[in-house]
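Chain by chain, the residues:
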Amino acid sequence: MVSTKQLVELLEISDRTLTDWKRQGLTQHSRGWWDLKHVLKWRGLIYNDDSEENKAVNLQKKKLEAEIAFKEAQSDLSRLKADIANGKYIDKEIAEAELSRFFLIFKKSAMSLSRKLASEVGPYVEPLEARRIEKMLADTINDALEQMSVDGVYHAKKKRA
């Protein structure tokens with residue numbers, strides 16, 4: 001048995017901490033006296049799997065960990081709400097509409113590229129050759145757009161011999 005004063009000195013804690021521990025379930029031997037072994041087991045400094053005190057300590061630790069995780073989740077949620085309020089994020093519908101509009105314009109531009117390039121090389125080659133170039137470019141562009149819409153990555157097809 002140790003007195004309250006000795007216990008506080010041994011564990012290097014304040015009277016307030018000891019009072020808090022008592023409120024949390026640490027039992028006292030008698031007024032002003034503490035069972036040192038019991039206190040150390042209750043604090044988890046001496047490990048005894050079977051003791052009820054150790055189970056209580058483990059439950060307290062789990063409760064504390066759960067409370068910490070809950071507070072962190074609340075903090076993350078409030079930070080996210082603040083970011084949304086500050087305009088850091090946009091609505092999904094707006095993002096989808098903007099991306100759809102962008103890719104529609106991109107598709108039209110890419111599709112017209114073969115015709116524009118064929119008209120540029122037309123004066124330098126035969127009309128049949130210009131049409132063949134236009135078709136080859138259109139096929140390559142269509143293939144690229146199709147692959148991008150399915151896989152998200154374009155892999156050029158190998159030339160046929």
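In what follows, the accompanying structure is described. (Residues numbered from 1 in each chain as written. Predicted model: local features only at pLDDT ≥ 70, side-chain atom pairs only at ≥ 80, totals over all residues. Heavy atoms only, no water.)

**Topic: helix 6 (residues 127–150)**
No. 1: With 24 residues, helix 6 extends 35 Å between its outermost C-alpha atoms, agreeing within 8% with the 34 Å of an ideal straight helix rising 1.5 Å per residue.
No. 2: Within helix 6, burial applies to A130, I133, I141, D143, A144, L145 and Q147. (Helix = DSSP H or I, 4+ residues; strand = E, 2+ residues; numbered from the N terminus. Expected span 1.5 Å × (residues − 1). Buried < 20%, exposed > 50% of the residue type's maximum accessible area, 1.4 Å probe, protein only.)

**A closer look at the pattern of salt bridges**
No. 1: On inspection of all chains with the given rule, the structure shows eight salt bridges.
No. 2: The residue K63 makes a salt bridge to E67 at a minimum N-O spacing of 4.0 Å. Separated by four residues within a single helix, K63 and E67 lie in helix 4 (residues 52–85), roughly one turn from each other.
No. 3: Take E67: its relative accessible area is 40%, and that puts it in the partly exposed class.
No. 4: A salt bridge links D76 to R79; its shortest N-O distance comes to 3.0 Å. Of the two residues, D76 and R79 both sit in helix 4, three residues apart, roughly one turn of that helix. (Salt bridge = Lys/Arg side-chain N within 4 Å of Asp/Glu carboxyl O.)

**Here we look at the packing of helix 5 (residues 92–121) against helix 6**
No. 1: Two elements in contact, helix 5 and helix 6, have axes separated by 8 Å at closest approach and are oriented at 160 degrees. By the angle between their axes, helix 5 is roughly antiparallel relative to helix 6. As for how helix 5 packs across helix 6, the hand of that crossing is right-handed. Contacts between helix 5 and helix 6 involve F106, K107, A110, M111, L113, S114, R115, L117, A118 and V121 from the first element and A130, I133, E134, L137, A138, I141, N142, L145 and M148 from the second.
No. 2: Its residues assigned to classes, the contact of helix 5 with helix 6 shows 14 nonpolar, two polar and three charged. (Axes fitted to C-alpha atoms, helices over the stretch in contact; angles between N-to-C directions. Parallel < 35°, antiparallel > 145°, perpendicular 65-115°, else oblique. Left-handed = near helix turned anticlockwise from the far one by under 90°. Contact = heavy atoms within 4.5 Å. Nonpolar A, V, L, I, M, F, W, Y, C, P; charged D, E, K, R; others polar.)

**Focus on the packing of aromatic side chains**
Aromatic rings in a pair are described by how distant their centres are and how their planes are angled relative to each other.
No. 1: Evaluated as defined, the whole model comprises three aromatic pairs.
No. 2: Between the aromatic rings of W21 and W42, the centroid separation amounts to 6.1 Å while the plane-to-plane angle is 50 degrees, which identifies the pairing as tilted. On the criterion of sequence distance, the pair formed by W21 in helix 2 (residues 15–23) and W42 in helix 3 (residues 36–43) is long-range, its members being 21 residues apart. Judged on exposure class, the residue W21 and its partner W42 are both buried.
No. 3: With a centroid separation of 5.0 Å and an interplanar angle of 75 degrees, the aromatic rings of F102 and F103 are classed as edge-to-face. (Phe/Tyr/Trp six-rings, centres within 6.5 Å; stacked < 30°, edge-to-face > 60°.)

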